[in-house]
Structure formats: C-alpha cells, structure tokens
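Listed below, chain by chain, are the residues.
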Amino acid sequence: MTTYLNFIDGQFVKGSAQPFANHFPTTGEVIGEVSAAGRAEVDAAVGAARAALKGPWGRMPVAERVALLRKLADGINARFDEFLAAEIRDTGKPRAIASHIDIPRGAANFNVFADQILTASTETFEMATPDGGGALNYALRSPRGVIGVVCPWNLPLLLMTWKVAPALACGNTVVVKPSEETPATATLLGEVMNAVGIPPGVYNVVHGLGPDAAGEFLTSHPGVDGITFTGETRTGEAIMRAAARGVRPVSLELGGKNAGIVFDDADLDAALEGIGRACFANTGQVCLGTERVYVQRGIFDRFAEGLAEKARGYRFGDPFDPATTMGTVISAEHRDKVLSYYTKARDAGATILAGGGVPEMQGYENGYWVEPTVWTGLPEDSAVVREEIFGPCTHLTPFDSEDEVTALANDTPYGLATSIWTTNLGRAHRTAKAVDVGISWINSWFLRDLRTAFGGSKASGIGREGGVHSLEFYTELRNVCVKL
Ligand SMILES: NC(=O)c1ccc[n+]([C@@H]2O[C@H](COP(=O)([O-])OP(=O)(O)OC[C@H]3O[C@@H](n4cnc5c(N)ncnc54)[C@H](O)[C@@H]3O)[C@@H](O)[C@H]2O)c1
Ligand SMILES: O=C/C=C/C=C(\O)C(=O)O
C-alpha cells in the first residue's frame, strides 16, 4: 500500500482532510491511500508558492531556469519505469499507451517549453509624437504569479506537465491539484523536483476531491493569481465562478463531442486506422476522441463493418502485459456512466454493430471493463449522439454532401477537435475551416506538434495552450512607452 502525501515547500506532508482509497482499475483492489489536503495545507502550499516567487526562483536568470527544466525532463526519463508503473496502476491503461504517450510526453513538455522561453520575443513599436519627436514602445513579460493547476485523470502526467512546464518556464510557481483518481505521478514528480534542485515552494501538490475540498480550496484561494484547468465543462463553469472573485484569469481545456468526417474518396484503410484510434484509444478517454462519425453514404456500410471489426479486435488484459491493447476505464463510477449510455442506446433502438456491454474477464472480474462499441441508426438529437460519454464508443451517421456534414458536425455546444478523411485537397481545406473547432486534423488524428495552438472553441474551453500561446496565459505583458 502506498500513501500519497501532499508536496508542500519541498516536503512531503500529511493532509488534514479525510484520506481516501486509491484503486487499481484493472482489479478494483485498493492499492493506496491518498492523504487529502484541507484548507490549512492548501494555504501552506499557496504561501510556499508565493514565498518562492519572491525568493531565488523569482530572481533566477532564464538560462538557469531552462537548465533546470531540461533536468526535469531528464529526471523523469531516468525514472521512466517508476513513472510508467505509477501511471498504469492509477489508470489501468496499457503499457503500450503509457510508454509511448503519457510518460515520454510528460517529460518532453519540459524540453519544449525550455526551448520556447529561450526564443520568445516581445513586440516593439516606434511612433512619431506631435512635437516632431518620437517614442519607442516595447513590451516586457513578467510571470503571472502563483498558478493553480487543476488536472484530470485521463492523461495525468502529460496533461499536468503541459501546464506546469510553461508555468515554470515563464517564472511562475504552481500549486497542482491532481485528479483524486490519479495522485501518483504528480507526487513522484515532487521527488524529481527536489532531486534536480528546483527550489522549495516552486512546485507544490495538494491532493483531494473537487467541490468543497482541495480543488475548490485552491481555485477560490485569494493568493492564487491564475487558474489553469483541464476537465469537464461543468467543472470549468464552477472554476470560472470561483475565479471571478478577485478577477483572476482562467485557461480552460474542457469537454467535447468531436465529429469524425469520412468522405467517400478517403483512403479507407487509413481512415479506419485513424478513426479507430480516435474512438477507442485509451479506452475512449481522450478529450480529442470522436464519439460521432459521419461517413459519406457510398462507403457507409463498408466503413461501418471495418470499424466494428476494429472494435472487436482489441485485446483486454493485464495493462503491464505489452500485448494488451485495451484497458479498463478509470473507475467504477465512470464505468457505470458509460454503461448507462450503452443502455440508452439500446433503449432508443440503436443498431449495435460491435460491443454494447462488458467483456468477460476471468481473473479480473472486479475491474472496470467496458466493450468498445459501435452504434448506428440513432437520431442526431439522442443523448448518445449529443452528450460527451468519454468511453470507447461511437455512433455512425451517413451523409451526402459537404454542406450537410459541416452542419451536422457543428450542431453541438462543443468545439474541441475534428478528424477529416479525404483525398480531395480542396474539400479537406474547406471542411477544416468550416467545422467550428480549435483543432482540425486532416487524414490524421492526435498528431501533435507542441508549438501549435491547442484548445477548444464554444463550450470546449477558453484560451490556447502550446508554444508561444502558453505565454499569453502564464505571463503578464507590460508595455513600456519611452519618449525619445
Ligand atoms: N480539452 C482538453 O484538453 C481536455 C483534456 C482532457 C480531458 N478533458 C475533459 O476532462 C473530462 C474528464 O476528466 P475528469 O473527469 O477528471 O474531469 P473533472 O472535471 O471531473 O475533474 C477534473 C479536476 O477538477 C477537480 N474538480 C472537480 N470539481 C471541482 C471544483 N468545483 N472546483 C475545483 N476543482 C474541481 C477534480 O477533482 C479534478 O482534479 C472530460 O470531460 C474530458 O473531455 C478535456
Ligand atoms: O484528453 C485530452 C488530450 C489532450 C492532449 C493534449 O493536451 C496534448 O496533446 O497536448
């Protein structure tokens, strides 16, 4: 049994709130206990972060900060197997995913923002003045201050360092509230912070639940200067309300109901491979995944059968076994939520092309399994087609024309991502522009260049992260006007 402690001012400390159990999703067993932070520990963490801003971290030259960020990336990679095992135990995700995506990206984020901050420039404007002279405007960037970082459970280390790395690169200090489901890698990162010499108080971790617990204590804390959050849209609304007090800025990466679009001229095998991953990877728990796929009528039946075959082709099992390709979902509660949509689909008369239930898992009967599932035949206004399920499931709808499919794709409150498959160049670009999302992939999915803008429109979020865009949130821009 592991006990996950809070990490405050460089020390691992017990929390004063009610501790809670940490489960291994593959078996349902309790494998650890999370020591939850109360208001006192959140106060201490925010206070430590404030003190660190005023201490050596706040005065450190960029080159030194950058060297420390690179050491953090190296430090994670040096303990790769420990991070990998911790992430797998928390999430039940297959080693094949965690070793290729979560941990390498978790480390790489520090290098990416080390590069970014070294090359970031600011604007200058020269102007004429009425007295015939001139003036020079130049911009300075300063750290925003103490950043509250509230994280989800689906890609725990990756999504946390995607925020912590740019925050530290810009000279801020952070208090992280990991998801209550996945406390391990954020805690382990505390050890790496100490080992590489990040000053105490720069990176703090407080564990606990959201409402009326560590999450809310952090987001409503007046000592926090900005809040960055990834998670559900409803939680984003609550966090925005908390941030309104004191007029603190928020960066929000929220939910989605992303459309996949497959035209009849697409490379069918490639589309099936890409959309298959978009529907089922990480047991469907990727915010960018496609839970609605629109397929042009001429290829509908062939595509539907091909996707159903992909859904049936996964191998469930021990996530530590390299041959396992499908893990559980995160929790019993989330399994029940996903299965409630499986029931709704059946009750609404969906045609179930694959899955639709729970696999038989001898030896893992108490794990949180659900079958990859493909439906068709539901109306666009059904709950299954409109609401984010966040499971390994998708609904297929046929379409006839380009205009029709963009209207269908846009008929949602969300606007995170889309994945478009076609060999017609003009159609590809037109559709990418017409679908109202932050991220359009053409003939690909989840292909990430970390310098690009990442984020959602409409109810999928506010702001963009990635490359220079992260600087907008993690720094305050000051214009200096000099009369010459
Ligand atoms: N847009 C993106 O980049 C992106 C990426 C990953 C996941 N997501 C979304 O995240 C969701 C899945 O993650 P989740 O279930 O962990 O999300 P969630 O909103 O339930 O929880 C996220 C975090 O917020 C905390 N929290 C909950 N209520 C809070 C409150 N009132 N105040 C402060 N903190 C609070 C939780 O404890 C957790 O740490 C899905 O909707 C998915 O689409 C979005
Ligand atoms: O589940 C959401 C996945 C988000 C991915 C990223 O934020 C990223 O790749 O930077």
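Notes on the structure follow. This one's a predicted model, so the numbers in the text were calculated from it and none came from an experiment.

Some thoughts on the site of ligand 2
If you check the shell around ligand 2, you find Arg 105, Asn 154, Leu 155, Leu 159, Trp 162, Val 286, Cys 287, Leu 288, Phe 446, Arg 448 and Phe 454 and nothing else. Within the side chain of Asn 154, an N or O atom sits 2.8 Å from an oxygen atom of ligand 2. Contact between ligand 2 and Arg 448: an oxygen atom at 2.7 Å from a side-chain N or O atom of the residue. Relative to its unbound accessible surface of 300 Å², ligand 2 loses 99% to contact with the protein. The residue makeup of the shell around ligand 2, split by class, is eight nonpolar, one polar and two charged.

Brief notes about the pairing of strand β9 (residues 173-177)
Of all five residues making up β9, five are buried, and the element is well covered by its neighbours. Side chains of β9 alternate between two faces, with Thr 173, Val 175 and Lys 177 and Val 174 and Val 176 buried alike. As paired elements, strand β8 (residues 146-150) and β9 share five bridges and run parallel to each other. Bridge pairing links Ile 147 to Val 174 in β9. Crossover handedness for the path β8 to helix α6 (residues 156-169) to β9: right-handed. In terms of strand pairing, β9 meets strand β10 (residues 203-205) through three bridges, oriented parallel. Directly across from Val 176, in β10, lies its bridge partner Val 205. Note that the unit made of β9, helix α7 (residues 184-196) and β10 has a crossover that is right-handed.

Basis of the calculations
Sequence order sets the numbering: in each chain, residues are counted from 1 along the sequence as written. Chains and ligands are labelled by the order in which they are written, letters from A for the one and numbers from 1 for the other. Side-chain atom pairs in this predicted model are given and counted only at pLDDT of 80 or more, local residue features only at pLDDT of at least 70, and totals for whole chains, interfaces and linings cover all residues. To get the side-chain values, all heavy atoms of the structure are used, and hydrogens and water are removed first. Nearness of a residue to a molecule or strand requires only that one of the residue's heavy atoms be within 4 Å of it. Polar contacts, as used here, are pairs of N or O atoms within 3.5 Å; protein pairs need one atom able to donate a hydrogen and one able to accept it. Residues neighboring in sequence count only if both atoms are side-chain atoms. Note on areas: Shrake-Rupley, 1.4 Å probe, and residue coverage restricted to the protein chains presented here. Any residue outside Ala, Val, Leu, Ile, Met, Phe, Trp, Tyr, Cys, Pro, Asp, Glu, Lys and Arg is labelled polar, Gly included; the first ten of those are nonpolar and the last four are charged. Burial status follows relative accessibility: with a 1.4 Å probe on protein chains alone, a residue under 20% of its type maximum counts as buried, one over 50% as exposed, and anything between as partly exposed. Under the DSSP-based scheme used, a helix requires at least four consecutive residues in state H or I and a strand at least two consecutive residues in state E, with every element numbered from the N terminus. Note on pairing: DSSP must find at least two bridges between two strands before they are called paired. The definition of a right-handed crossover adopted here requires that, viewed with the strands pointing away, the path from the first strand over the helix to the second runs clockwise.

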